[in-house]
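# Notes for the structure review
These are the residues of each chain, in order.
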Amino acid sequence: MMSKHEKTYVTKADFMLHGGDYNPDQWLDRPDILEDDIKLMKLSHTNTFSVGIFAWAALEPEEGVYNFEWLDKVIDDIYSIDGRVILATPSGARPAWMSHKYPEVLRVNVARVKQLHGGRHNHCFTSPVYREKTQKINTLLAERYGNHPALLMWHISNEYGGECHCDLCQDAFRSWLKKKYNNDIKSLNDAWWGPFWSHTFTDWSQIESPSSIGESMVHGLNLDWRRFITEQTIDFYENEIVPIRKLTPDVPITTNFMADTHELIPFQALDYSKFAKHLDVISWDAYPAWHNDWESTADLAMRVGFIDDLYRSLKQQPFLLMESTPSMVNWHPVNKAKRPGMHKLASMQMVAHGSDSILYFQWRKSRGSSEKFHGAVVDHDNSTDNRVFQEVAEVGQTLEKLGEIVGTNRPSDVGILYDWESNWALNDAQGYGLETKRYPQTLVQHYRTFWEQDIPVDVITKEQDFSSYKLLIIPMLYLMSEETIARLKSFVAGGGRLVTTYISGIVNEHDLTYLGGWHKDLQEIFGINPVETDTYYPSDRNSVMYRNQSYELKDYATVIKVGTGSVEATYEDDFYKGTPAVTVNEYQGGKAYYIGGRLEDQFHRDFYQQLINELSLEPVFKVKHEQGVSVQARQGVESDYIFIMNFTEQQQPVVIETPVRDLVTGEEVSGDLTLETYEVRILEKKR
């Protein structure tokens, strides 16, 4: 059995990857620019470049006519400066000749209208022609570059997403449903509650994907369609990698995951917990809106940490930051530049939470089209003198000193469960508050206390092993299958502490409600029966009395009937005044807690502090600091690597009681320190 501190190298590199998306195909008529790029790569302390992502038209300008010579030179030139290449397959944007000759590759939208050529990620995942063409170009790439010493990893397509409603996809959806329901249409009708609105199907051919001009209110259909989209996307991906697995079996494969950006929550269109099983390495594209006007820098950093911990936990190994910006993006409502120091701080936060890379979109700014003002290492001035280039070089110099951290992980005693399917079903539910469900944001609310106290957390999915955690938190887990309930029951029976909340365990895997009250096993675990959920208007407030202190409640309150459980807190107002709001139940070897309402952050701090004390949950390395400073750690075989980060706009005092070594400067550090605005210190503590 592998030690929890043993290193896992996700690529052949034993150094931090630094570089990003490089698009030399945009500059083939400017050899002077391409020559400058190689010089600037060395000066910026970058070492790894993703190439070929949107290069299909340059690689195959006409059907069957190939031009790889330019790519040969680019890869050779990068290798000549000891650089490495992450080679992409170009399926994310196809050439115009293909759309013109083979219109079946074009997507059909939800209104059943075929789309024109243009944009990207707009191909039909089911199209046999597109699958054939992607395999062909990928075969040629693998044959030509599979043994090149610069090749570090395969980057399959780019930011998979979207859906197609063409006839090919309708047929594929019906075939998927037949397999799922064992060719028994009665089982499908039962799962979808077919008699509702006379929506019983008598033949598979009657079934259509959800549509704004057709059916969109059958929740079982909606849920299965979303599952199908994930599985069909994965199936397309698996078709893409057939020649790559065959010809380069030892080269790891990734595709870049995403996050929805305004509040930085997990990407919703695909179930990444399913996709992760098909990847060698998790990578994601992070574009936080630093310096925004709706939250503090520390709050945004906390959300970044949550996503990092989710994507790292999907495979319980280091991940890669595949895209970020060294300055600004071009697609936020307001595209604000990073303030001095923020780029290094944001980069080191990624490393602290488990990334073995800092990669950018993009290396050089495009001269035209939609990304000409998107941030890049090399600006239109082609200069090394601007602030962004110099900050990138500083990050590179720092990463060069962090090689011993590569491959280390972040063991944790706390798990928070995130579930894509449950979020789909909850958002589809025509109940509760349409604007206040906020499932991912609620999980972050529960994550906050541990982030503030520097206690590592795994953000896991329902398929993962629960047994290694002392504490498992499952807020608002609306959809719970009986299999999941049984695993939770086993976790508590074995001595675990489990916390859940309002709007949990309401429906099964088909989005059908449980009858007869809360599921009997949940009642047994928690010792209660939630009998009613009250939904508040935005102006409504209540309060809860917990341990002689009052805490504000908004949005949701659950009326609870207590069985074997004990009351921890009570409501202070409304018709359920004086009744249980928070409960605990001892079940066999463990305990299960139920939080009945959406409570303020201070409640979570105080509630989880009790559990932190009882379970002896501690940070890897204790540093005294104020809110807004985050201390995160990665643990190697012999050392812990500590990142002390100031996510505030003021100087912050910190106290380090145990002498440690600064990995960047080499000096010994202890006692009182002052962190400047956005400063980060990276320390090593020998174990």
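The notes below deal with the structure included here. Just so it is clear, the model here is predicted, and its values are computed rather than measured.

Turning our eyes to something else, we now look at the layout of surface pockets. Each pocket or cavity is described by its volume, and for the largest pocket that value is around 770 Å³. Taken together, 30 residues line the largest pocket, and the ones lying closest to its centre are K4, R410, P411, S412 and D458. Grouping the amino acids of the lining of the largest pocket by side-chain chemistry returns 10 nonpolar, 12 polar and 8 charged. By volume, the second largest pocket is sized at about 570 Å³. The wall of the second largest pocket is formed by 24 residues, among which K180, R227, E231, K274 and E421 lie closest to the centre. For the lining of the second largest pocket, the element with the highest residue contribution is helix 8 (residues 219–247), accounting for 6 residues. Taken together, the residues of the lining of the second largest pocket break down into 5 nonpolar, 5 polar and 14 charged.

Turning next to helix 6 (residues 167–180). Across its 14 residues, helix 6 extends 20 Å between first and last C-alpha, which sits within 8% of the 20 Å expected from 1.5 Å per residue. Turning to helix 6, its buried residues number three or more, namely C169, Q170, A172, F173, R174, W176 and L177. Downstream of helix 6 by a residue or two, N182 has a phi angle that is positive, lying close to 55 degrees.

Here we come to the sheet that holds strand 6 (residues 256–257). The strand order across the open sheet formed by 3 strands is 6-9-10, and the pairing between neighbours is parallel. Strands at the two margins of the open sheet, each flanked by one partner only, are strand 6 and strand 10 (320–323). As judged from the 3 bridges shared by strand 9 (residues 283–285) and strand 10, these two strands associate in the parallel manner. Across the sheet, the residue bridging to W284 is L321, located in strand 10.

What follows is about empty space enclosed by the protein. In the structure shown here, the tally under the stated rule is 6 cavities of 30 Å³ or more. If you add up the space inside the largest cavity, you get close to 100 Å³. Taken together, A286, Y287, P288, W290, L321, S324, T325, K338, A346, S347 and M350 form the lining of the largest cavity. Considering every element that reaches the lining of the largest cavity, the biggest residue donor is helix 11 (residues 342–352), with 3 residues. Across the lining of the largest cavity, the residue classes break down as 7 nonpolar, 3 polar and 1 charged. In this structure, the second largest cavity spans a volume of roughly 60 Å³. If you go around the second largest cavity, the residues you meet are F125, T126, G162, E163, C164, C169, F228, I229, Q232 and T233. Its residues placed into classes, the lining of the second largest cavity shows 5 nonpolar, 4 polar and 1 charged.

The subject of this paragraph is the sheet that holds strand 4 (residues 151–155). Pairing in this open sheet of 6 strands is parallel, and the strands run 5-4-3-2-1-11 from one edge to the other. Since the sheet does not close on itself, it has two edges, and those belong to strand 5 (253–254) and strand 11 (357–360), each with one partner. On top of the sheet, helix 3 (residues 69–80) reaches strand 1 (17–22), strand 2 (48–51) and strand 3 (84–88); it is set at about 150 degrees to strand 3, its chief contact.

Our focus in this paragraph is the side chain of S273. Within the secondary structure, S273 sits in helix 9 (residues 272–275). With a relative accessible area of 6%, S273 lands in the buried category. A polar atom in the side chain of S273 sits 2.5 Å from the side chain of D271. Residues contacting S273, with those up to four places away along its chain left out, are L314, W420, T461 and E463.

Let's shift gears to the side chain of D419. With respect to the element layout, D419 can be found in the loop between strand 12 (414–417) and helix 13 (420–428). According to the relative accessible area criterion, D419 is buried, its value standing at 1%. For D419, the side chain forms a polar contact with the main-chain nitrogen of S422, separated by 2.8 Å. Ignoring anything within four residues of it in the chain, the contact list for D419 reads Y439, K462, L477 and L479.

This part is about the packing of helix 10 (residues 297–313) against helix 14 (residues 439–452). At a minimum axis separation of 10 Å, helix 10 and helix 14 run at an interaxial angle of 100 degrees. Overall, the two elements helix 10 and helix 14 adopt an arrangement that is roughly perpendicular. Residue-level inspection shows A298, D299, A301, M302, R303, G305, F306 and D309 of helix 10 in contact with helix 14, the latter providing Q441, L443, V444, Y447, R448 and W451. Here the contact of helix 10 with helix 14 is composed, by residue class, of 8 nonpolar, 2 polar and 4 charged.

Calculation notes
- Residues numbered from 1 in each chain as written.
- Predicted model: local features only at pLDDT ≥ 70, side-chain atom pairs only at ≥ 80, totals over all residues.
- Heavy atoms only, no water.
- 1 Å grid on protein atoms, 1.4 Å probe; cavity = no way out; pocket = protein on both sides within 12 Å on 5 of 7 lines; lining within 4 Å.
- Points joined across faces, edges and corners; volume = space filled by probe spheres on them.
- Nonpolar A, V, L, I, M, F, W, Y, C, P; charged D, E, K, R; others polar.
- Helix = DSSP H or I, 4+ residues; strand = E, 2+ residues; numbered from the N terminus.
- Expected span 1.5 Å × (residues − 1).
- Buried < 20%, exposed > 50% of the residue type's maximum accessible area, 1.4 Å probe, protein only.
- Pairing = 2+ DSSP bridges.
- Contact = heavy atoms within 4.5 Å.
- Axes fitted to C-alpha atoms, helices over the stretch in contact; angles between N-to-C directions.
- Polar contact = N/O pair within 3.5 Å; in protein donor to acceptor, adjacent residues only side chain to side chain.
- Parallel < 35°, antiparallel > 145°, perpendicular 65-115°, else oblique.

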